[in-house]
Amino acid sequence: MKKGLKIIGGAIATAIGIWLIVIFASRVLVFLEGIVGIAVAGVGAIILAIGISELKE
């Protein structure tokens, strides 16, 4: 159950990060949201990778 929650949490964090990148990438002067989006997407991808690797075990 814990592995599944990691996968779901990672997928949600990745989706939110990608959404933030798409929404705020067009604003050149307001780049902080884009940086936060990239960071959230990265964290989400790492959590997703950990969950998938644990699922394979």
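So, here is what we can say about the structure in this document. Quantities reported herein were computed from a predicted structural model and do not represent experimental measurements.

We now examine a nonpolar patch on the surface. Together, I18, W19, V22 and I23 give the surface a local cluster of nonpolar side chains, amounting to about 410 Å² of exposed area. Turning to its location among the elements, V22 is positioned in helix α1 (residues 2–24). Looking at V22, the relative accessible area reads 60%, which means it is exposed.

Take the side chain of T14 next. Considering the arrangement of structural elements, one finds T14 in helix α1. In this structure the side chain of T14 is engaged in a polar contact, spanning 3.2 Å, whose partner is the backbone nitrogen of A45. Among residues more than four places away in sequence, those in contact with T14 are A41, G44 and A45.

Rules behind the numbers
Residues numbered from 1 in each chain as written. Predicted model: local features only at pLDDT ≥ 70, side-chain atom pairs only at ≥ 80, totals over all residues. Heavy atoms only, no water. Patch = residues over 30% accessible without salt bridge, like charges linked within 9 Å, V, L, I, M, F, W, Y side chains within 5 Å. Areas by Shrake-Rupley, 256 points an atom, 1.4 Å probe, with all protein chains shown as cover. Salt bridge = Lys/Arg side-chain N within 4 Å of Asp/Glu carboxyl O. Helix = DSSP H or I, 4+ residues; strand = E, 2+ residues; numbered from the N terminus. Buried < 20%, exposed > 50% of the residue type's maximum accessible area, 1.4 Å probe, protein only. Polar contact = N/O pair within 3.5 Å; in protein donor to acceptor, adjacent residues only side chain to side chain. Contact = heavy atoms within 4.5 Å.

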